[in-house]
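Descriptive analysis of the structure
Spelled out, the chains give:
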Amino acid sequence: MQRTIIRTIFAAALGTALAAGTLCAAQAQTASIDSPVVLGQPLTLNLGAPPSGADCPTQAAALNAQGLVLVANGQTIPGARASFGCSAKGELVGTASTSIAGNGDDAAQRRAAWQTAFSGFFSLSRTKTLPIAFGPATGGMSTAPKLVAIQGASDRDLGLAGLWFALVAAGFLFAFFRHFGRMDSITPISRVPMPADYRAPYSLARFQLLWWSGIVTASYVAILTITGSMDTVTTGTMALMGIVGGTSVLAAFQDRRPGDDETRRQQHAAAYIAAAAANPPDQATMAASLKEVYPPTQGWLADLLSDAAGYNIHRLQLLAWTMVLGITFLYEVTRTLGMPELSANLLALTGISNGTYFGFKMQEQQVATPTGPVPAAG
């Protein structure tokens with residue numbers, strides 16, 4: 001029910017009218033069904049005629065009493081019990097849920113079991129043919145396996161998930177380039193006019209925060225669309241966001257802390273004022289000083305990798321690690337239909353990378369040291 005409601009809301013918000021998923025049918029002993037079973041749909045197996053002399057209803061009742069569950073590719077799928085009955089031809093038919101929706105440990109165990117059976121949910125969402133049987137919840141098989149074509153998600157769900165992912169990711173990308181990825185607005189200095197088209201440099205710490213916020217949010221929405229589960233954020237993901245958020249807070253504090261950069265700005269401001277008062281005004285000095293009083297953006301990549309002294313290796317190291325880990329994170333999301341549980345070593349390495357960046361940032365120079373005699377501020 002939760003999964004249906006979520007899908008309905010998403011489809012209405014987007015104005016999407018997409019076809020429903022395919023239905024499954026009974027299959028022969030070694031042949032796969034015509035249309036693949038999409039996880040979330042009931043899976044029905046035709047087990048064939050009962051053994052010679054056996055009564056079908058009696059046999060079905062015996063199987064129902066055993067509390068059997070699905071076994072996919074040798075992997076027991078915990079969850080609702082299978083139900084058995086008889087077809088019009090007197091053949092045994094078993095039906096079981098393939099739901100991966102829901103919150104809590106039981107839903108997480110079902111998703112993990114299907115992931116193991118699939119070796120990951122998707123080969124980029126291609127259908128996989130797996131041997132399917134029924135067996136006890138404790139392991140093993142009670143019926144002969146049948147080959148069934150199974151898909152991790154329907155085309156409808158994948159389309160909605162992809163669309164939501166793209167919209168959320170585009171929103172964070174827009175936020176980065178429009179305003180939120182730049183350093184805080186610089187304080188104007190009296191008698192030194194800020195250029196009308198002034199745009200502050202981009203911030204590496206803010207890029208990292210928006211990068212990970214976009215990845216985690218977009219992944220969460222995409223997973224929610226497919227599984228209907230709201231409890232998919234792992235402990236490792238929360239720890240990662242804590243490291244990134246902490247670095248952003250420290251970087252913002254460092255940028256606002258009075259320091260040598262502000263002293264150098266005042267010196268460049270004095271040079272600007274003196275050049276403007278000359279007769280005639282020294283336009284070259286005024287332009288050069290103005291760029292130091294209000295350091296402009298040099299382009300997003302140059303801003304992320306450099307300070308007033310040029311390109312810095314600690315910035316390159318943090319940017320490269322952030323992007324590599326982010327791409328790996330997204331790969332795991334598509335492969336397992338869940339957020340990865342980052343190991344302690346990965347989190348430690350991320351913490352070391354961020355700590356190294358912040359340590360060097362405390363020594364960075366964002367405003368160049370003036371050359372030549374410095375006019376007295378007046």
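Residues numbered from 1 in each chain as written. Predicted model: local features only at pLDDT ≥ 70, side-chain atom pairs only at ≥ 80, totals over all residues. Heavy atoms only, no water.

1. As for the side chain of Ser154
By the element assignment, Ser154 lies in the loop between strand S8 (146-151) and helix H4 (155-180). Here the side chain of Ser154 touches Asp157 through a polar contact of 3.1 Å, landing on its backbone nitrogen. (Helix = DSSP H or I, 4+ residues; strand = E, 2+ residues; numbered from the N terminus. Polar contact = N/O pair within 3.5 Å; in protein donor to acceptor, adjacent residues only side chain to side chain.)

2. Observations concerning the sheet that holds strand S2 (residues 43-48)
With respect to topology, three strands assemble into an open sheet ordered S2-S6-S5, the strand pairing being antiparallel. The strands lining the two open edges of the sheet, one partner per strand, are S2 and strand S5 (83-86). For this sheet, the mean inter-axis angle between neighbouring strands, taken without regard to orientation, is 25°. Packing against the sheet, helix H2 (residues 56-65) makes contact with S2, S5 and strand S6 (92-96), and its axis sits at approximately 180° to S5. (Pairing = 2+ DSSP bridges. Axes fitted to C-alpha atoms, helices over the stretch in contact; angles between N-to-C directions. Contact = heavy atoms within 4.5 Å.)

3. Some thoughts on the packing of aromatic side chains
Scanning all chains against the criterion turns up ten aromatic pairs. Taking 6.0 Å as the distance between ring centres and 80° as the angle between the ring planes, the aromatic pair formed by Phe177 and Tyr202 counts as edge-to-face. Within this pair, whereas Phe177 is found in helix H4, its partner Tyr202 is found in the loop between H4 and helix H5 (204-227), the two being separated by 25 residues in sequence. By relative accessible area, which is 32% here, Phe177 ends up partly exposed. Looking at Tyr202, the relative accessible area reads 7%, which means it is buried. When the ring centre of Tyr202 is taken as reference, the NZ or CZ atom of Arg182 above it lies at 4.2 Å. (Phe/Tyr/Trp six-rings, centres within 6.5 Å; stacked < 30°, edge-to-face > 60°. Buried < 20%, exposed > 50% of the residue type's maximum accessible area, 1.4 Å probe, protein only. Lys NZ or Arg CZ within 6 Å of the ring centre and 35° of its normal.)

4. Notes on the sheet that holds S8
As summarised here, the arrangement of the five strands in space is S1-S8-S7-S3-S4, forming an open sheet in which the pairing is mixed. The open sheet is flanked by strand S1 (37-38) and strand S4 (75-76), the only strands paired with a single partner. Pairing analysis gives two bridges linking strand S3 (residues 69-72) to S4, with the strands arranged antiparallel. Pairing of Val71 across the sheet is with Thr76, part of S4.

5. What about helix H3 (residues 105-118)?
Between its terminal C-alpha atoms H3 stretches 20 Å, which fits the 20 Å expected from 14 residues at 1.5 Å a residue. Listed as buried for H3 are Ala107, Arg110, Arg111, Ala113, Trp114, Ala117 and Phe118. Summarising the axial view, the buried residues of H3 lie within an arc of 160°, below the 170-degree limit, and thus occupy one face. Phi for Ser119, located one or two positions after H3, is positive at around 60°. (Expected span 1.5 Å × (residues − 1). Arc of directions from axis to C-beta.)

6. Regarding the pattern of salt bridges
Going through the model one piece at a time under the given rule, you end up with seven salt bridges. In this structure, Arg265 engages Glu262 in a salt bridge whose closest nitrogen and oxygen atoms are separated by 3.2 Å. Taken together, the residues span about one helical turn, with Arg265 and Glu262 both in helix H7 (residues 260-277) at a distance of three residues. Close ionic contact of Arg315 with Glu364 constitutes a salt bridge, the shortest N to O distance being 2.8 Å. In this pair, Arg315 is assigned in helix H10 (residues 313-336) and Glu364 in the segment after helix H11 (344-361), connecting sequence segments 49 residues apart. Take Arg315 and Glu364: they sit in the same class, and that class is buried. (Salt bridge = Lys/Arg side-chain N within 4 Å of Asp/Glu carboxyl O.)

7. A look at the pairing of strand S7 (residues 128-135)
Of all eight residues that make up S7, six are buried, and the element is covered over most of its length. In terms of strand pairing, S3 meets S7 through four bridges, oriented antiparallel. Counterpart to Leu70 in the pairing with S7 is Phe134. One ladder, built from five bridges, connects S7 with S8; its direction is antiparallel. The partner of Lys128 across the bridge, within S8, is Ile150.

Bear in mind that shape data such as this cannot, by itself, settle questions of function.
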